[in-house]
Amino acid sequence: TLSPYTPQSYLIHHNNPTYLSPMSNMPRMNDMKPMSVSQSKPKHSNISDNETESISLIEEGRKKSNEQSNKDTMALIYKGLYCFLGLQVSYLTWGMMQELIMTTKFTPTASSPDGMFPSASFCVFSNRFLAIVISFLVIRTVHGTIYCTAPYYAFLPCAISNTSSSWAQYASLHYVSFPLQNIFKSTKVIPVMLMGMLLRGVTYTFIEYVEALAITSGVLVFSMSKNATQSNDTETSIAGVLLLITYVCSDSFTSQWQSRLYKNYGKIDQYHMMFWVNSWAVLLTSAALIFSGEIFTVFEFLMVNPTAVLYNIVTAVTSATGQFFIFYTIKEFGPIVFTVIMTTRQMLSMVLSSVIFGHKMSIYSYLGTVLVFGAVFHSVRRQMKNKK
């Protein structure tokens, strides 16, 4: 019996037996089967798996990147140590041999009765000759030819100045101590600035002039020290000071002229420069040895003193290796790092010379040294900041 309160859905079903109620499609509890774990995962489970795999790849990539970064850092450290040790060993040995050659009293000969090495020109010649041989082999390997875009005569001016500076450097040791000669090199910044203004129109800041003044003051204080001016009981003379001035002025001209060649001719490199400058230097020193007659005096001296032969060979080898370490260091790390290494070398050279050859330094010597190297390191620090 149908009542007025019978649901509408029942009425429809009662009047139409084919009608399926909305609940008729629902499965019965007994017919339901449990779902597996894989079926119960949401549809985006595949995306989560991809994300997990991506994260793993990223972490693996980061790990490899860190390992590579550590390897690159260690390689850079090893390369820096290689340059540092190469420059230090080459030039510390070269400086010691230089002082031994010019200050040792060897066995006297008829032409050299005082037993002192008779020719600074021969020392320059031997250094440059070996450098030519090595640079020729390198330039033939790298470029296939010794010729370059610059004409060969363009290298002559800096070859003359380079030869003059090297000759004056050797000859000055007859008159001044090695520590004084070594610290006097730091005054090169002054003629470098002058040559830069004259040859290339370079302008300098006020602080650069202050640094140059501090270096000059330090050298003056050092040179006025009584103990620093003795070299094997030979007092510093006007000749020694003039030779040192010749050295720094000539060397300053050399660097500025070489910069000018690089700028004007572009496609020349350090190997071209090394070969052609040294080639001209050998010609110049050979002419000087022949026309002055020193060539015969030197050969006689070397025949009697084989130790002097060994000293010259070691000096020539370390001079050549030093030049290559200079080029390599500047190429890999730049001029600032090179300046720091060479300034350190100057300080170590002074210490070794004082210990090995007995040069005594007074309080004024140390004061002058602090002024000079303090100004140099301040200059390097300022350049590093400007570079950043």
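Within each chain, residue numbers correspond to sequence positions counted from 1 in written order. The predicted origin of the model limits local features to residues at a pLDDT of at least 70 and limits the giving and counting of side-chain atom pairs to 80 or more, whereas totals for whole chains, interfaces and linings rest on all residues. As a rule here, side-chain values come from all non-hydrogen atoms in the structure, and water together with hydrogens is ignored.

Asks: If you had to explain the overall build of the protein to someone new, which residues and values would you point to?
Replies: Secondary structure summary: the protein contains 13 helices and 2 strands in total. Contacts spanning at least 24 positions in sequence make up 84% of the contacts within the protein whose residues lie at least 6 apart. Only the protein chains shown count as covering a residue, and every accessible area follows the Shrake-Rupley method with a 1.4 Å probe. Element-wise, carbon and sulfur atoms account for 65% of the exposed surface of the protein, whose accessible area totals about 22700 Å². Helix and strand definitions follow DSSP, with helices as H or I runs of at least four residues and strands as E runs of at least two, each counted in order from the N terminus. For this analysis, residues touch if any pair of their heavy atoms sits within 4.5 Å.

Asks: Kindly report on the environment of Cys-158, identifying the contributing residues and their values.
Replies: Within the fold, Cys-158 resides in helix H4 (residues 156–172). For Cys-158, the contacting residues outside a window of four places in its chain are Phe-253, Thr-254, Trp-257, Gln-258, Leu-261 and Val-277.

Asks: Explain helix H3 (residues 120–142) to me, and be specific about the residues and the numbers.
Replies: If you check H3, its first and last C-alpha atoms are 33 Å apart, about what 23 residues at 1.5 Å a residue would give, namely 33 Å. Classification of residues uses two cut-offs on accessible area relative to the type maximum, computed with a 1.4 Å probe and protein chains only: under 20% is buried, over 50% is exposed, and between them is partly exposed. For H3, the set of buried residues is Ala-120, Ser-121, Phe-122, Cys-123, Val-124, Ser-126, Asn-127, Arg-128, Ala-131, Ile-132, Ser-135 and Ile-139. The N-cap of H3, judged by a side-chain oxygen 3.3 Å from the amide nitrogen of Ser-121 a few residues on, is Ser-119. Phi turns positive one or two residues past the end of H3, at Gly-144, with a value near 85°. One fewer than the residue count of a helix, multiplied by 1.5 Å, yields its expected span. Distance and chemistry together define a polar contact, namely a pair of N or O atoms within 3.5 Å, with one atom able to donate a hydrogen and the other to accept it when in protein, and with adjacent residues in sequence counting only for side-chain atoms on both sides.

Asks: Break down the packing of aromatic side chains for me, citing the residues and quoting the values.
Replies: The relative placement of two aromatic rings is captured by the distance of their centres and the angle of their planes. Here is the rule: rings of Phe, Tyr and Trp (six-membered ring for Trp) pair when centre to centre is within 6.5 Å. Planes less than 30 degrees apart are stacked, more than 60 are edge-to-face, and the remainder are tilted. The full count for this structure, using the stated rule, is 16 aromatic pairs. Between Phe-117 and Phe-122, the ring centres sit 6.4 Å apart and the planes meet at 40°, which makes this aromatic pair tilted. Taken individually, Phe-117 and Phe-122 each receive the classification buried, so the pair is uniform in this respect. Ring centres 6.4 Å apart and planes at 40° place the aromatic pair Tyr-147 and Trp-276 in the tilted group. Taken together, the residues Tyr-147 in the loop between H3 and H4 and Trp-276 in helix H9 (residues 270–292) connect sequence positions 129 residues apart. Exposure remark for Tyr-147: the relative accessible area of 59% places this residue in the exposed category. Clustering of aromatic rings is evident, with ring pairs tying together Phe-106, Phe-117, Phe-122, Phe-125, Phe-129, Phe-301 and Tyr-311.

Asks: Could you give an account of the packing of H4 against H9, with specific residues and numbers?
Replies: The description of two helices packed together rests on the angle between their axes and the distance between the axes. Angles run from 0 to 180 degrees between N-to-C directions of axes, and those axes are lines fitted to C-alpha atoms, restricted for helices to the stretch in contact. Running from N to C, H4 and H9 point in directions that differ by 60°, and their axes come no closer than 8 Å. One way to sum up the angle between H4 and H9 is to call them oblique. Considering only the axes of H4 and H9, their crossing is right-handed. Each of Leu-156, Cys-158, Ala-159, Ile-160, Asn-162 and Thr-163 in H4 lies in contact with H9, whose residues at this interface are Val-277, Trp-280, Ala-281, Leu-284 and Thr-285. Three categories are distinguished: nonpolar for Ala, Val, Leu, Ile, Met, Phe, Trp, Tyr, Cys and Pro, charged for Asp, Glu, Lys and Arg, and polar for the others, with Gly belonging to the last. The residue makeup of the contact of H4 with H9, split by class, is 8 nonpolar, 3 polar and no charged. Throughout this description, any angle smaller than 35 degrees is read as roughly parallel, any larger than 145 degrees as roughly antiparallel, any in the 65 to 115 degree range as roughly perpendicular, and the remainder as oblique. Helix crossings are classified by the rotation of the near helix relative to the far one: an anticlockwise turn of less than a right angle makes the crossing left-handed, while a clockwise turn makes it right-handed.

Asks: Outline the nonpolar core, listing residues and values.
Replies: Grouped together as the largest cluster of nonpolar side chains are 46 residues, with contacts concentrated most on Leu-87, Met-102, Phe-117 and Tyr-170. Not counting the four nearest positions on each side in its chain, Met-102 is found in contact with Met-116, Ala-120, Cys-123, Tyr-170, Leu-173 and His-174. Of all hydrophobic cores here, the second largest spans 18 residues; its members include Leu-261, Tyr-271, Met-273 and Val-282. Only buried residues count toward a nonpolar core, which is a set of Ala, Val, Leu, Ile, Met, Phe, Trp, Tyr and Cys residues joined through side-chain atoms within 4.5 Å.

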